[in-house]
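These are the residues of each chain, in order.
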Amino acid sequence: MSGRIRRVGVVGGGQMGAGIAEVCARAGLDTVVCEVDAVAARAARDRVHASLDRAVRHGKLSETAARDAHALLRFTGELDDLADRQLVVEAVVENPETKTEVFAALDKIVEDPAAVLATNTSSLSVMRLGTATGRADRVVGLHFFNPVPVLPLVEVVTSLHTSPETAATAEEFAGRTLGRTVIRSQDRAGFVVNALLVPYLLSAIRMAESGFATAADIDTGMELGCAHPMGPLRLADLIGLDTVAAIAESLYAEFRETLYSPPPLLRRMVEAGLLGRKTGQGFHVYDRC
């Protein structure tokens, strides 16, 4: 079926959803982005269009390719506008209740029984989301990485219910259609990448929390001492501290290992709205303009 997927829907037009929509449009797919209302849909449109324009300015995309991508994108505040989609990617906030509601609604709205319903969750159970529908065999994880237009990896996550056909469709869609590198993971909290990455980020947060070293020195140490392209606290800021905390909570709930437990400083920063780059301040301060 993947070779015939030409109509894609994305639920959620934030940082991740906008990036997923952009790469779909750049791959020549008819792409509809659904947000909670018309105002949020316009913000999503502006986010995607700004990214495409930035790619042109930086020489990563031709003006013709950008125009073609613009023409393939539509933005809406109505979930019903996804009824004719062949594949829908959910990319809303990392909250199990919110995601479950989206999947239950998509199950009623998406008309094609062979359509694939995918989640971009970073850590939640794909099976739990699938069982909110009457088509759990058509539900799969497609976990993209931020920033989506830049990072080439997609984790394909199959639950106990996901059919081999759905898994094959998801892999071919991510790999052949979108040109991403695919790795496969079982349906367990954190999948492959975050199960390894998040304990590292939490360790850096604990180091800063204890006063052992400053955020700047921790990041510089890992960038110059270990050749990491970005230090752990800048990376946490880029991901979003609320997202890091949510992934950590999911990992700790599943495995009950202390290395996954969110440090108090991380919890306090999330409560204070200091979420990193998207709010202008986290462990570092950012220009939001």
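Right above here is the structure, for reference.
We now turn to the structure provided with this report. (Residues numbered from 1 in each chain as written. Predicted model: local features only at pLDDT ≥ 70, side-chain atom pairs only at ≥ 80, totals over all residues. Heavy atoms only, no water.)

This next bit is on the overall build of the chain. Helix and strand content of the chain: eleven helices and eight strands. The C-alpha radius of gyration of the chain comes to 19 Å, within 12% of the 19 Å expected for a compact globule of 289 residues. C-alpha extents for the chain along the principal axes are approximately 55 × 45 × 35 Å. Relative to all contacts within the chain whose residues are 6 or more apart in sequence, the contacts with residues 24 or more apart total 67%. Surface exposure of the chain reaches about 13200 Å², of which carbon and sulfur atoms provide 53%. Each charge class in the chain can be summarised by its mean position, and for the 30 positive and 36 negative side chains these summaries are 3 Å apart. (Helix = DSSP H or I, 4+ residues; strand = E, 2+ residues; numbered from the N terminus. Rg over C-alpha atoms; globule rule 2.2 N^0.38 Å. Contact = heavy atoms within 4.5 Å. Areas by Shrake-Rupley, 256 points an atom, 1.4 Å probe, with all protein chains shown as cover. Lys, Arg positive; Asp, Glu negative; His and termini not counted. Charge placed at Lys NZ, Arg CZ, Asp CG, Glu CD.)

Glancing now at the pattern of salt bridges. Tallied over the entire structure, the rule returns 16 salt bridges. We note a salt bridge from R26 to E22, for which the minimum N-O separation is 2.9 Å. Remark: E22 and R26 occur in helix α1 (residues 15-26); sequence separation between them is four residues, near one turn of the helix. Put simply, R7, D30, R74, D84 and R85 are held in one network by salt bridges that share partners. (Salt bridge = Lys/Arg side-chain N within 4 Å of Asp/Glu carboxyl O.)

By size, the foremost hydrophobic cluster in this structure holds 36 residues, and its most contacted members are I20, L142, F144 and F173. Examining the composition of this core, we find that seven residues originate from one element, α1, more than from any other. The residues contacting L142, other than those within four sequence positions of it, are V89, A118, T119, N120, V154, E155, V156, A170, F173 and A174. Core analysis: the next-biggest nonpolar cluster, separate from the first, contains 23 residues, I205, A236, L241 and Y260 among them. (Core = buried A, V, L, I, M, F, W, Y, C linked by side-chain atoms within 4.5 Å. Buried < 20%, exposed > 50% of the residue type's maximum accessible area, 1.4 Å probe, protein only.)

Running from amino to carboxyl end, helix α7 (residues 193-210) crosses helix α10 (residues 241-255) at an angle of 115 degrees, the nearest separation of the two axes being 10 Å. With respect to α10, the axis of α7 lies roughly perpendicular. The two elements α7 and α10 meet at a crossing, and its hand is left-handed. Listed contacts from α10 to N194, A195, V198, L201 and L202 of α7 are V244, I247, A248 and L251. The residue makeup of the contact of α7 with α10, split by class, is eight nonpolar, one polar and no charged. (Axes fitted to C-alpha atoms, helices over the stretch in contact; angles between N-to-C directions. Parallel < 35°, antiparallel > 145°, perpendicular 65-115°, else oblique. Left-handed = near helix turned anticlockwise from the far one by under 90°. Nonpolar A, V, L, I, M, F, W, Y, C, P; charged D, E, K, R; others polar.)

Here the focus is α10. Here α10 spans 21 Å end to end across 15 residues, near enough to the 21 Å set by a 1.5 Å rise per residue. At its buried positions, α10 is contacted by α7, α9 (232-239) and α11 (264-271). Directly after α10, the chain includes R256, whose backbone phi takes a positive value near 55 degrees. (Expected span 1.5 Å × (residues − 1).)

A few words now on the side chain of N146. Relative to the helices and strands, N146 resides in the loop between β6 (139-144) and β7 (153-158). Separated by 3.4 Å, the side chains of N146 and Q15 make a polar contact. Within the structure, N146 has its side chain in polar contact with the backbone oxygen of L238 (distance 3.4 Å). If near-sequence neighbours (up to four positions away) are discounted, N146 is found in contact with Q15, M16, L151 and L238. (Polar contact = N/O pair within 3.5 Å; in protein donor to acceptor, adjacent residues only side chain to side chain.)

Let's shift gears to the sheet that holds strand β3 (residues 73-76). Pairing within the open sheet is mixed, and its eight strands lie in the order β3-β2-β1-β4-β5-β6-β7-β8. In this open sheet, the two edge strands, each paired with only one partner strand, are β3 and β8 (181-186). Here the strands of the sheet are splayed against their neighbours by 25 degrees on average, with no regard to which way each runs. Pairing analysis gives six bridges linking β7 to β8, with the strands arranged parallel. Opposite T158, over in β8, you have Q186 as the bridge partner. (Pairing = 2+ DSSP bridges.)

All right, on to the packing of aromatic side chains then. Under the definition given, this model contains one aromatic pair. Their ring planes at 40 degrees and their centres at 5.7 Å tell us that F255 and Y260 sit as a pair that is tilted. The class for Y260 is buried, based on a relative accessible area of 8%. (Phe/Tyr/Trp six-rings, centres within 6.5 Å; stacked < 30°, edge-to-face > 60°.)

Let us look at the pairing of strand β4 (residues 87-90). Going residue by residue along β4, you find L87 and V89 tucked away on one face and V88 and E90 tucked away on the opposite face as well. With helix α4 (residues 96-109) bridging β4 and its parallel neighbour strand β5 (residues 116-119), the resulting β-α-β unit is right-handed. (Right-handed = clockwise from strand over helix to strand, strands pointing away.)

In this structure, the amide linkage connecting N146 to the following residue, P147, adopts the cis form with an omega of 0 degrees. In this fold, P147 is placed in the loop between β6 and β7. One non-glycine residue with positive phi stands out, namely F191, at about 55 degrees. Relative to the helices and strands, F191 resides in the loop between β8 and α7. Even without being glycine, R256 reaches a positive phi, approximately 55 degrees. Among the secondary structure elements, R256 is positioned in the loop between α10 and α11.

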